[in-house]
Amino acid sequence: MTIRRLAAASGTALCLASGPVAALDDVRFTSPAMSDDLGAQIRNNSALAAAEAESEDGRISGQDVLAAALSDYGILLETLYANGYYGGVISILIDGREASEIPLLSTPENVGTVTVRIDTGPSFKFGRTELTPLAPETVLPEGFARGKTARASVVGDAADAGVDGWRDIGHAKAEITGQQVTADHRSNELDVAMRLTPGPQLRFGKLDTDGSSAVRSAAQRRIAGLPTGERFDPDEVQEVTNRLTRTGTFSSVTVREAEQPNADGTLDIIVDLVDNKPRRFGFGAEVSSLEGLSLTAFWLHRNLWGGAERLRIDAEVSDIGASGSDALDASLTARLEVPAAIAELGPKTDAFFEASIGALNEPTYSADTAQLTAGLTRRFNDDLSGEIGVGLLYSQTEDDLGEREFLLFTLPLSLTWDKRDVDLDPTTGWYLDTELTPFFDLDGDGHGARLYSDLRGYYGFGESKSTVLAGRLQLGSVVGSELEDTQPEFLFYSGGAGTVRGQPYQSLNVEFDGNEIGGRSFLGLSTELRQDINETWGVVAFADAGYISEASTPGTEGDWHAGAGLGVRYSTPIGPLRFDVAGPVSGDTSEGVQVYIGIGQAF
């Protein structure tokens, strides 16, 4: 029989009809000479195959089976077209009756076996392939050429490439205005001829807002940064979407072009926004057998004053129940971010203001701190961002060198380059975070700079990336100030979840005139082999090493220690739940086993 298409309304009517509930016992696909790949596509796309899977968990009605069968005529036909078969014959038998011939009002009460028979017919090749006129430098799909398999998707890709070529050079309203597609069953060739109409080259007009958002229209335009008057560019339209989305103020951002250009050759851009809930809060926890419990919480207010401002307050308490310590670490930080705050710097630059207080009780020192910072954040592209600020830091510390006070003027700078595929559970790519903080001691001689870099890399094996090799290199250095003139928070220590698992927190430092204090440089190395067992569970083997030095050059005049262990990962919607067990491998800073629990991979 020939392929039959039925109106979608008929299938809908069947789904809404009531009727007896029956089990679907078996769906059989017979397709002689069909490739395994095409057979897999047929099953994956088939509505009947989905209905069979559903029937394994319960009972489905005969109407549902018939509706799925009628849908499959079109679905399977499109699948054949997508693979270059234009002479296929599809037959779907429900208990021996052709599905398309069953009266809509006489659906079967019970369905036993459904047989789907597909004769693909010959594979078609492209004959004539014409798409004109093309914009300069337009690259058409490689498969859109005479003699190539005539996949329907390639025709669509070629049409898209032709339109995009004109849009990329400002012809925003380019479109396909004529097409002729002919399947020659004598030669098994598909001839394609398409005509493009570029339309005029346009410039960006104004940005229109619908006024439904609580964010002021002027702020929306400032953040969007539409380059009014410049030549139309679809990449800029996407950038407008990205900038508005990144504020976090909107749950939905839709940016579309006006239907008609203006008489002056400009094209207006229309923005439709749906606001996020203005307030949000969250919390987290991490446990280590020696470092104890760490609790974090945050409160977030979006669109604080109607300009998509973002105020976030973070609180953290750690070392709860830590081994050998009754003192807790605590911090409170408030950060206000103002997107596109300075018009002269453009929409890629945001302003921030930050204030924090903290009480640290570390193994070799304690400190009460207060800090104020203001600065700018610049997003250079989707992967690269930087930050520069000016700050004032007060610290009252106590360590083996005695009680001291520091009042520092700082110039913090940072650069983050993130090429990971997923933040909390990466399988490919790399990540680099570099911080440089020049500081000037307003009350003493401790002038210098602190440098810290964190480089991570990930390599996944196989198509599914179920095995991942991960590596991490950490480098830190304090230059300029002498060891005894540097505040303890700027010095480096090794040991614990963030550096060397299996070694106690900050257990590796340096001995200075018989006193234990932090070092002026740090070198950390970590590697992990991650293996997924299934979609939920995974295992990890890891090894870490750390080096602390009295000198400013990492890896000189100091000591190593190392740890290694095994871990388990359990997948959750917010990232893998991590459970690691580690012990010391080298160094004299620890004995015994430590346990770490948290959300997300260790790095």
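Note that the structure is a prediction, hence the values are computed from the model and not measured.

Novice: What exactly am I supposed to notice about the nonpolar core here?
Specialist: Nonpolar side chains in soluble globular proteins generally cluster together in the buried interior. Membership of the largest hydrophobic core comes to 26 residues, with the highest contact counts inside it found for Leu48, Ile92, Ile94 and Val114. Those elements giving two or more residues to this core turn out to be helix H2 (36-45), helix H3 (47-57), helix H4 (62-82), strand S4 (89-94) and strand S6 (111-119). Here the element with the most residues in this core is H4; it accounts for 9 residues. Membership of the second largest hydrophobic core comes to 24 residues, among which are Phe204, Ile223, Ala258 and Val271.

Novice: Looking at this structure, how should I read the pattern of salt bridges?
Specialist: Between side chains of opposite charge, a pair can form as their charged atoms come close. One pass over the full model with this rule turns up 28 salt bridges. A salt bridge links Lys419 to Asp383, with the shortest nitrogen-to-oxygen separation between them at 3.0 Å. You can see Lys419 sitting in the loop between strand S21 (413-418) and strand S22 (429-441) and its partner Asp383 sitting in the loop between strand S18 (365-379) and strand S19 (384-399), a full 36 residues away along the chain. We classify Lys419 as partly exposed; its relative accessible area is 38%. Salt bridges sharing common partners tie together Arg501, Glu528, Arg530, Asp544, Arg569 and Asp580.

Novice: Looking at this model, I keep getting lost on the environment of Thr177. Mind explaining?
Specialist: With respect to the element layout, Thr177 can be found in strand S8 (residues 175-184). For the pair Thr177 and Gly402, spaced 225 residues apart in sequence, the C-alpha separation works out to 82 Å. A distance of 2.7 Å separates a polar atom in the side chain of Thr177 from a polar atom in the side chain of Thr197.

Novice: Is there a simple way to explain the packing of helix H6 (residues 217-224) against helix H7 (residues 234-246) in this structure?
Specialist: With their axes 8 Å apart at the nearest point, H6 and H7 run at an angle of 120 degrees to one another. Classified by the angle between their axes, H6 and H7 sit oblique to one another. The residues of H7 that touch H6, namely those facing Gln220, Ile223 and Ala224, are Val240, Arg243 and Leu244. Residues that form the contact of H6 with H7 fall into these classes: 4 nonpolar, 1 polar and 1 charged.

Novice: Please clarify how the sheet that holds strand S12 (residues 266-275) should be interpreted in this entry.
Specialist: Across a sheet, paired strands are connected by hydrogen bonds in the backbone, their directions being either parallel or antiparallel. Pairing in this open sheet of 3 strands is mixed, and the strands run S10-S12-S11 from one edge to the other. Of all the strands in the sheet, the pair left with one neighbour each is strand S10 (203-209) and strand S11 (250-257). Taken pair by pair, the neighbouring strands of this sheet meet at an average axis angle of 25 degrees, ignoring direction. Bridge count between S11 and S12: 7 bridges; the pairing is antiparallel. Its bridge partner being in S12, Ser252 is matched across the sheet by Val274. Here H6 sits on the sheet and contacts S10 and S12; the angle it forms with S10, its principal contact strand, is near 145 degrees.

Novice: Is there a simple way to explain the side chain of Thr427 in this structure?
Specialist: Relative to the helices and strands, Thr427 is located in the loop between S21 and S22. Here Asp421 takes part through its side chain, which lies 2.4 Å from a polar atom of the side chain of Thr427. Contact partners of Thr427, with chain neighbours within four places excluded, come to Asp421, Tyr458, Tyr459, Gly460, Lys465 and Val468.

Novice: Where do I start with unusual backbone geometry in this structure?
Specialist: In most cases, non-glycine residues show a negative phi, while peptide bonds are predominantly trans. Geometrically, the link from Thr132 to Pro133 is a cis peptide bond, its omega value of -10 degrees lying close to zero. You will see that Asn188, though not glycine, has its phi angle at about 55 degrees, which is positive. Even without glycine at this site, Ala340 takes up a positive phi of about 50 degrees.

Rules and cut-offs
Residues numbered from 1 in each chain as written. Predicted model: local features only at pLDDT ≥ 70, side-chain atom pairs only at ≥ 80, totals over all residues. Heavy atoms only, no water. Core = buried A, V, L, I, M, F, W, Y, C linked by side-chain atoms within 4.5 Å. Buried < 20%, exposed > 50% of the residue type's maximum accessible area, 1.4 Å probe, protein only. Helix = DSSP H or I, 4+ residues; strand = E, 2+ residues; numbered from the N terminus. Salt bridge = Lys/Arg side-chain N within 4 Å of Asp/Glu carboxyl O. Polar contact = N/O pair within 3.5 Å; in protein donor to acceptor, adjacent residues only side chain to side chain. Axes fitted to C-alpha atoms, helices over the stretch in contact; angles between N-to-C directions. Parallel < 35°, antiparallel > 145°, perpendicular 65-115°, else oblique. Contact = heavy atoms within 4.5 Å. Nonpolar A, V, L, I, M, F, W, Y, C, P; charged D, E, K, R; others polar. Pairing = 2+ DSSP bridges.

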